[in-house]
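Residue strings, one per chain:
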Amino acid sequence: MNEWIDHPLLKDMDPAKAELFRRAAKQVSGKSGKDMAPIMLALITSANRQGIRFTPEEMDLILTVLKEGKPPEEQAQIDRTVQMVKTLIRTNMK
């Protein structure tokens with residue numbers, strides 16, 4: 001989990017966004033891809049409440065870090081979870 005916090009790809013991220021990511025990283029540590037959905041949704045909701053918006057590039061970066069070192073099946077599960085979260089967000093924004 002600590003390797004996520006100090007990941008070099010995150011060094012240029014806005015500190016407030018990085019802090020939200022650190023909290024989420026702690027919560028998803030050891031969880032499967034499908035168990036990440038509620039945590040990711042909470043991260044996005046918390047960010048939105050604080051007026052923080054992650055760019056698509058930042059989300060891609062976070063997902064890259066989350067998937068590092070996971071087997072291909074787990075990476076695919078994370079991708080499916082992300083799609084589900086995106087669909088939920090779009091539905092809730094209508």
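Throughout what follows, the structure given in this document is the object of discussion. (Residues numbered from 1 in each chain as written. Predicted model: local features only at pLDDT ≥ 70, side-chain atom pairs only at ≥ 80, totals over all residues. Heavy atoms only, no water.)

## Regarding the nonpolar core
- Judged by nonpolar contacts, the single largest core of 24 residues is most densely connected at Met13, Phe54 and Ile62.
- When contributions to this core are tallied by element, the ones reaching two or more residues are helix H2 (15-28), helix H3 (36-49), helix H4 (56-67) and helix H5 (72-93).
- Discounting residues that sit within four places of it in the chain, Met13 has contacts with Ala18, Phe54, Glu58, Leu61 and Ile62. (Core = buried A, V, L, I, M, F, W, Y, C linked by side-chain atoms within 4.5 Å. Buried < 20%, exposed > 50% of the residue type's maximum accessible area, 1.4 Å probe, protein only. Helix = DSSP H or I, 4+ residues; strand = E, 2+ residues; numbered from the N terminus. Contact = heavy atoms within 4.5 Å.)

## Observations regarding the packing of H2 against H4
- Viewed as axis vectors pointing N to C, H2 and H4 meet at an angle of 30°, and their least axial separation amounts to 12 Å. Considering their axes alone, H2 and H4 lie roughly parallel with respect to each other. As for the relative orientation of H2 and H4, their crossing is right-handed in sense. Residue-level inspection shows Lys17, Phe21 and Val28 of H2 in contact with H4, the latter providing Glu58, Ile62, Val65 and Leu66. (Axes fitted to C-alpha atoms, helices over the stretch in contact; angles between N-to-C directions. Parallel < 35°, antiparallel > 145°, perpendicular 65-115°, else oblique. Left-handed = near helix turned anticlockwise from the far one by under 90°.)

## Here's the deal with H4
- Taking 1.5 Å of rise per residue, the 12 residues of H4 would be expected to cover 16 Å, and the 16 Å separating its terminal C-alpha atoms lies within 8% of that figure.
- Turning to H4, its buried residues number three or more, namely Glu58, Met59, Leu61, Ile62, Leu63, Val65, Leu66 and Lys67.
- Gly69, located one to two residues past H4, shows a positive phi value of around 80°. (Expected span 1.5 Å × (residues − 1).)

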